[in-house]
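Single-letter residue listing:
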Amino acid sequence: MAHGHGADLSDEDRKAMMEQSINITRNLANIKYKVAVMSGKGGVGKSTVAVNLAQAFNAMGYKTAIYDVDIHGPNVPKMLGIEGESIGVKGNKLVPVETDDGMLVASMAFLIESNGSPIIWRGPQKTGAIKQLISDVAWGNVDVMIFDNPPGTGDEPLTVLQMIPNLDAAIMVTTPSSVSEEDVVKCVGMTRMLNIDRIGLVENMSYFECPNCDEKINLFGDSKGQDFAKAMDVDYLGDLPFRTQVSESADKYEVPIVKAKPDSKAAQEFMKIAKEIESKYFTKDE
Ligand SMILES: Nc1ncnc2c1ncn2[C@@H]1O[C@H](COP(=O)(O)OP(=O)(O)OP(=O)(O)O)[C@@H](O)[C@H]1O
Ligand SMILES: [Mg+2]
């Protein structure tokens, strides 16, 4: 059995699973809104969207956390310039790293040795590592938690979604290319299968705006995010152009554009999507 519900579990396994799920419920009990950023396809900008949205919510006054649950490519710490930090330990719990502007971050990157060699996991190790990462971090009070998910619709993102109780929204990131869209369709299907019905779509790298002449160039053909969202019956949250500023900020200066240049067009575009998410999905009473 792929997902651990087999009849061949020992009593001990069953007990461990139960303890883990109690831990998760306890650790995530004081998180008001939980938002997962995902996509069927790799490299479409999930982590970029995740860190900039988190930064936007932080600027809007929410106590914000990022859970980087991508165990193969945990990029969030680098994008936030906190790669060298190590996670704290208190009793048998992990304590998230805090950024200089008060965001809490947990990532597999803090738990593995950074000698540059790739981690090679076997199947059960992967889901085991994800489960452990989710069940061992003590968060305290958080208003908004953004999960940066691994790509795809395989065991890893599935494990993540299955483990998060009461997810408030799933944000799908796509590019206008049809291969990315096909993968998002699968991802939406997986998400619905888990009874998560608040799903929003962000079209990333919609077009490239020439910094010199303001001409708009469609990198992957015409933008069709709105129609695509409608066809899948999900909310359309908006598009983000490809801006060299965005990748430069993350790759070179290790700070999300929303934090580095909050007044820039690029930052405002992320802020706008954060506000869409707020108005559509943050609906709990105080
Ligand atoms: N709107 C954008 N403008 C410019 N560059 C972007 C934009 N979105 C993403 N990028 C760049 O594209 C690259 C891939 O982005 P990112 O790492 O966020 O993708 P991902 O979907 O998280 O990838 P993975 O599937 O590997 O986790 C990065 O170099 C990032 O800086
Ligand atoms: Mg990523």
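Residues numbered from 1 in each chain as written. Chains lettered and ligands numbered in written order. Predicted model: local features only at pLDDT ≥ 70, side-chain atom pairs only at ≥ 80, totals over all residues. Heavy atoms only, no water.

**Q** Quick question: what am I supposed to make of the overall build of the chain here?
**A** Scanning the chain from terminus to terminus reveals 10 helices and 11 strands. Here the chain has a C-alpha radius of gyration of 19 Å; the compact-globule value for 286 residues is 19 Å, and the two agree. When each of the 286 residues of the chain is scored for burial, the buried share is 51%. In the chain, once contacts between residues fewer than 6 apart in sequence are set aside, the share between residues at least 24 apart is 76%. Of the charged side chains in the chain, 29 are positive and 41 negative, and the gap between their average positions amounts to 2 Å. (Helix = DSSP H or I, 4+ residues; strand = E, 2+ residues; numbered from the N terminus. Rg over C-alpha atoms; globule rule 2.2 N^0.38 Å. Buried < 20%, exposed > 50% of the residue type's maximum accessible area, 1.4 Å probe, protein only. Contact = heavy atoms within 4.5 Å. Lys, Arg positive; Asp, Glu negative; His and termini not counted. Charge placed at Lys NZ, Arg CZ, Asp CG, Glu CD.)

**Q** Help me understand the environment of Lys-280 in this model?
**A** Looking at the element boundaries, Lys-280 is found in helix α10 (residues 265–281). Sequence-distant contacts of Lys-280, defined by excluding residues within four places in its chain, comprise Arg-198, Asp-235, Tyr-236 and Leu-237. Side-chain polar atoms of Lys-280 contact the side chain of Glu-276, separated by 2.8 Å. (Polar contact = N/O pair within 3.5 Å; in protein donor to acceptor, adjacent residues only side chain to side chain.)

**Q** Is there a simple way to think about the site of ligand 1 in this case?
**A** Within the structure, ligand 1 sits among 18 residues, and Gly-43, Lys-46, Ser-47, Thr-48 and Asn-204 are positioned closest to it. The contact in question runs from an oxygen atom of ligand 1 to an N or O atom on the side chain of Thr-48, over 2.5 Å. Take Asn-204: an N or O atom from its side chain is 2.9 Å from a nitrogen atom of ligand 1. When isolated, ligand 1 has an accessible area of 630 Å², and the protein chains bury 82% of it. (Near = heavy atom within 4 Å. Areas by Shrake-Rupley, 256 points an atom, 1.4 Å probe, with all protein chains shown as cover.)

**Q** Just to check I follow, could you spell out the pattern of salt bridges for this structure?
**A** A side chain with one charge may pair with a side chain of the opposite charge, provided their charged atoms come close. One pass over the structure, following the stated rule, counts 12 salt bridges. Of the charged contacts, one joins Glu-254 and Lys-78 as a salt bridge, the two residues approaching to 2.7 Å between their closest N and O atoms. Taken together, the positions of Glu-254 in the loop between α8 (244–251) and α9 (257–260) and Lys-78 in helix α3 (residues 76–79) put the pair 176 residues apart, joining distant regions of the chain. A relative accessible area of 24% means that Glu-254 is categorised as partly exposed. (Salt bridge = Lys/Arg side-chain N within 4 Å of Asp/Glu carboxyl O.)

**Q** Help me understand the side chain of Glu-209 in this model?
**A** Mapped onto the secondary structure, Glu-209 falls in strand β9 (residues 199–209). A polar contact of 3.2 Å, which involves the side chain of Glu-209, links it to the side chain of Arg-243. Of note is the side chain of Glu-209, whose polar atom sits 3.1 Å from the side chain of Lys-265. Excluding residues that lie within four positions of it along the chain, Glu-209 makes contacts with Asp-214, Glu-215, Lys-216, Phe-242, Arg-243 and Lys-265.

**Q** Before we go on, may I ask you to explain unusual backbone geometry in this structure?
**A** It is generally the case that most residues other than glycine have a negative phi and that most peptide bonds are trans. A positive phi angle, close to 65 degrees, is found at Asn-195, a residue other than glycine. Inspection of the secondary structure puts Asn-195 in the loop between α6 (178–193) and β9. We classify Asn-195 as exposed; its relative accessible area is 67%. Here Asp-233, not a glycine, exhibits a phi torsion of approximately 60 degrees, which is positive. With respect to the helices, strands and loops of the structure, Asp-233 is situated in the loop between α7 (225–232) and β11 (235–242). Of the residues examined, Asp-233 reaches a relative accessible area of 64% and is grouped as exposed.

**Q** Hey, could you run me through the confidence of the model for the chain in this one?
**A** Averaged over all residues, the pLDDT of the chain is 89; the fraction at 70 or higher stands at 94%. Model confidence for the chain, summarised as mean pLDDT per element, is weakest for helix α4 (residues 123–136) at 81 and strongest for helix α2 (residues 46–59) at 98. (pLDDT = per-residue confidence, 0-100.)

**Q** Hey, could you run me through the pairing of strand β1 (residues 31–38) in this one?
**A** Within a regular beta strand, the side chains point alternately toward one face of the sheet and then the other, so they alternate between its two faces. Within β1, seven of the eight residues are buried, which leaves the element mostly enclosed by the surrounding structure. By the bridge criterion, six bridges tie β1 to strand β7 (residues 142–148) in an arrangement that is parallel. Along β7, the bridge assignment pairs Tyr-33 with Val-144. Relative to strand β8 (residues 169–174), β1 runs parallel, the two being bridged by four bridges. If you follow Val-37 over to β8, its bridge partner there is Ile-171. (Pairing = 2+ DSSP bridges.)

**Q** Would you mind showing me how to read the pairing of β7 here?
**A** Among the seven residues that make up β7, six are buried, leaving the element largely enclosed by the rest of the structure. Sheet topology places strand β2 (residues 64–68) next to β7; five bridges connect them, and they run parallel. By the bridge assignment, Thr-64 is partnered in β7 with Val-144.

**Q** Sorry, what's going on with the packing of aromatic side chains here?
**A** Two measures describe an aromatic ring pair: the distance that separates the ring centres and the angle between the ring planes. A complete count under the given rule lists seven aromatic pairs for this structure. Measuring from centroid to centroid gives 5.6 Å for Tyr-62 and Phe-282, while their planes differ by 80 degrees, and the two rings are edge-to-face. Here Phe-282 lies in the segment after α10 and Tyr-62 lies in the loop between α2 and β2, a separation of 220 residues in the sequence. Each member of the pair, Tyr-62 as well as Phe-282, carries the same accessibility label: buried. Aromatic pair Tyr-67 and Phe-147: ring centres 5.5 Å apart, planes at 20 degrees, arrangement stacked. On the criterion of sequence distance, the pair formed by Tyr-67 in strand β2 and Phe-147 in strand β7 is long-range, its members being 80 residues apart. (Phe/Tyr/Trp six-rings, centres within 6.5 Å; stacked < 30°, edge-to-face > 60°.)

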